Amino acid sequence: MYPFIRMFWQFWRHRADAPLPVTGTHESRHIVMPWDLDMWNELNNGRTLTLFDLGRMPLSKRIGVIDGLRANGWGMAVAGVSVRYRRRVQGFARLTMRSRAVCWDDRYVYTEQGMFRADGECTSHALVRLAITDRRQGGVVNPARLMEALGQDPASPPMPDWIADWVRAEAERPWPPMADARAASETRAA
């Protein structure tokens, strides 16, 4: 089940935080609970993505995105993610998460998030591609329109090479996936 109580706690905890610039960094604190663990007493990889939600949503509130989405009848959806898991995280670990929007192109906003131990060591790092969606017209809204709605410069900061490389790799990735495996399976069946 999605941790709605923890999400509401994060919004409440950061309710009086100052607004951030669009590319500002939101910092939040989290405790790894027993229900976040896998059978090896480590933070479950899927739950890691959910914890990243708990940092990204208050970031969206502080930079004005949530108000901009509501005002225009838009939504936001994760359209891709790349995660590096580097250090074990066990039950009741206390983590600091840093979340920020880095840049955008004509389809997506790219956010970066990291979880850090008290000693400053990064345990995991995520690059999350977010789509602004329009339910009325269907499809993806150009992030420049969102920035204009927020009264911000619609031009993106320069895209770092490591993000541009990921974007290119994603563009080359086959879709639909595993078409070659399906064709080989059908050939064997014939």
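Heads up: these notes are all about the structure in this document. What you are looking at is a predicted structure, and each value in this text was computed from that prediction instead of being measured.

1. Thoughts on the pattern of salt bridges
In a structure, side chains of opposite charge can pair up when their charged atoms sit close to one another.
Alright, step 1. Enumeration over the complete set of coordinates arrives at 15 salt bridges.
Alright, step 2. Asp36 is the partner of Arg47 in a salt bridge, and the nearest nitrogen-oxygen pair spans 3.1 Å. Of the two residues, Arg47 sits in helix H2 (residues 45-62) while Asp36 sits in the loop between strand S1 (25-31) and H2, which places them 11 residues apart along the sequence. Asp36 carries the same exposure label as Arg47, and that label is buried.
Alright, step 3. The residue Glu121 makes a salt bridge to Arg87 at a minimum N-O spacing of 2.4 Å. Note that Glu121 is positioned in the loop between strand S4 (108-116) and strand S5 (122-134) and Arg87 in the loop between strand S2 (74-85) and strand S3 (94-104), a separation of 34 residues in sequence.

2. A look at the environment of Thr96
Alright, step 1. Following the sequence through the fold, Thr96 ends up in strand S3.
Alright, step 2. Residues Thr96 and His30, spaced 66 residues apart in sequence, show a C-alpha to C-alpha distance of 6.4 Å.
Alright, step 3. Ignoring anything within four residues of it in the chain, the contact list for Thr96 reads Glu27, Ser28, Arg29, Gly114, Met115 and Phe116.

3. Concerning the packing of aromatic side chains
Alright, step 1. Under the counting rule described, the total for this entry stands at 4 aromatic pairs.
Alright, step 2. Ring centres of Tyr110 and Trp166 lie 6.4 Å apart, and the angle between their planes is 90°; on these two criteria the pair is classed as edge-to-face. A residue pair is termed long-range when its members are at least 10 positions apart, and Tyr110 in strand S4 and Trp166 in helix H5 (residues 161-172) qualify at 56 residues.
Alright, step 3. Taken together through their ring pairs, the aromatic side chains of Tyr108, Tyr110 and Trp166 make up a single cluster.
Alright, step 4. Across from the ring centre of Trp12, 3.8 Å away, lies the NZ or CZ of Arg15, which sits over that ring.
Alright, step 5. When the ring centre of Phe116 is taken as reference, the NZ or CZ atom of Arg98 above it lies at 4.2 Å.

Quick notes on the rules
Residues numbered from 1 in each chain as written. Predicted model: local features only at pLDDT ≥ 70, side-chain atom pairs only at ≥ 80, totals over all residues. Heavy atoms only, no water. Salt bridge = Lys/Arg side-chain N within 4 Å of Asp/Glu carboxyl O. Helix = DSSP H or I, 4+ residues; strand = E, 2+ residues; numbered from the N terminus. Buried < 20%, exposed > 50% of the residue type's maximum accessible area, 1.4 Å probe, protein only. Contact = heavy atoms within 4.5 Å. Phe/Tyr/Trp six-rings, centres within 6.5 Å; stacked < 30°, edge-to-face > 60°. Lys NZ or Arg CZ within 6 Å of the ring centre and 35° of its normal.

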